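# Topology and contacts: notes
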Amino acid sequence: MEPMKNLLLALTLLPTLGFAHDYTVGDLHIQHPWTRATAPTATTAAGYLAITNKGTTEETLTAATLQGAGHTMLHHTQTEGGVAKMVHMGSGIAIPAGSTVTLQPGSFHIMAMQLAAPYKAGDSIPGTLTFANAGDVKVDFIVKPLGTQPDAEAETEHHQHNHH
Ligand SMILES: [Cu+2]
């Protein structure tokens, strides 16, 4: 396929697939908030995204919400002696000046608990990110199919960039 056709195809697909949605607030660039579809009986989900701090002072993600979750917390998955456990980030997740922090499976995540109803693949879940300096930022979490792996995610982003 010719490059121009590839580009047009990519642009046509964007709204449908919900890829590469991002938000810029001051010096913060928030990329691709997503979560996974949940099983019918599940009451928890995890929210993921990448945050780039282009400023010169440290920023902190202090809280987040996902619609339909009765309670949310910021967590970090840590593995000790082969056992993974989730640590509550009580003072938030720091985003140092000039760096990107990625919330992803096996690492930092937004733990959404007490789900009122399952998250379905293809849905978009409104949410809020609260930053110490930038305040509240409204975002949409794209719901990916159950079992989506971070590698698949990286692959998608990689292909996306090839078109620009
Ligand atoms: Cu967790």
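Residues numbered from 1 in each chain as written. Predicted model: local features only at pLDDT ≥ 70, side-chain atom pairs only at ≥ 80, totals over all residues. Heavy atoms only, no water.

## Overview of the overall build of the protein chain
What counts, and what does not: Secondary structure elements follow DSSP: runs of H or I no shorter than four residues count as helices, runs of E no shorter than two count as strands, and numbering proceeds from the N terminus. Only protein chains enter the accessibility calculation, which uses a 1.4 Å probe. A residue is then buried if its area is under 20% of the maximum for its type, exposed if over 50%, and partly exposed in between.
Within the protein chain one finds two helices and 11 strands. Ordered by position from N to C terminus, the α and β elements of the protein chain give α-β-β-β-β-β-β-β-β-β-β-β-α. In the protein chain, which comprises 164 residues, the share counted as buried stands at 38%.

## Digging into the pattern of salt bridges
Between side chains of opposite charge, a pair can form as their charged atoms come close. This is how the line gets drawn: We define a salt bridge as a contact between a side-chain nitrogen of Lys or Arg and a carboxyl oxygen of Asp or Glu at a distance within 4 Å.
For the structure on display, the rule yields one salt bridge. Note that Glu80 is salt-bridged to Lys85, the shortest N-O span being 3.8 Å. Of the residues examined, Lys85 reaches a relative accessible area of 41% and is grouped as partly exposed.

## A short note on the coordination of the copper ion
Selection criterion: Only nitrogen, oxygen and sulfur atoms within 2.8 Å of the metal, or 3.2 Å for Na, K and Ca, are treated as donors, and water is left out, so sites may look incomplete. By the criteria applied here, four donors are tetrahedral when all angles lie between 85 and 135 degrees, four are square planar and six octahedral when opposite donors are over 155 degrees apart and every other angle lies between 65 and 115, and any other arrangement is irregular.
Every protein donor of the copper ion is listed here as His75 (ND1), Met86 (SD), His109 (NE2) and Met111 (SD), and their distances to the metal cover 2.1 to 2.2 Å. Every donor counted, the four donor atoms about the copper ion form angles of 96 to 117° at the centre, which fits tetrahedral coordination. Read from N- to C-terminus, the donor residues coordinating the copper ion fall into the pattern H-x10-M-x22-H-x1-M.

## What to know about the nonpolar core
Counted only if it meets this: The definition of a nonpolar core used throughout is a set of buried Ala, Val, Leu, Ile, Met, Phe, Trp, Tyr and Cys residues joined through side-chain atoms within 4.5 Å. Note on definitions: a residue-residue contact is assigned when non-hydrogen atoms from the two residues lie within 4.5 Å.
Formed by 28 residues in total, the largest nonpolar core has its most connected members in Leu61, Leu103, Ile110, Leu129 and Phe131. Apart from residues lying up to four places away in sequence, Leu129 is in contact with Ile30, Leu49, Leu61, Ala63, Ala64, Ile110, Gly135, Asp136, Val137, Val139 and Phe141.

## Thoughts on the packing of aromatic side chains
Condition: Side-chain rings of Phe, Tyr and Trp (the six-membered ring for Trp) are treated as a pair once their centres are within 6.5 Å; stacked means planes under 30 degrees apart, edge-to-face means over 60, and tilted covers the remaining angles. Criterion for a charge above a ring: Arg CZ or Lys NZ at most 6 Å from the ring centre, at most 35 degrees from the ring normal.
Enumeration over the complete set of coordinates arrives at one aromatic pair. Ring centres of Trp34 and Tyr48 lie 4.8 Å apart, and the angle between their planes is 40°; this geometry places the pair in the tilted category. On the criterion of sequence distance, the pair formed by Trp34 in strand β2 (residues 28–36) and Tyr48 in strand β3 (residues 45–53) is long-range, its members being 14 residues apart. With respect to class, Trp34 is no different from Tyr48; both count as buried. Sitting over the face of the ring of Trp34, Lys144 holds its NZ or CZ atom 5.9 Å from the ring centroid.

Such coordinate-based values are descriptive only and should not be taken to indicate function.
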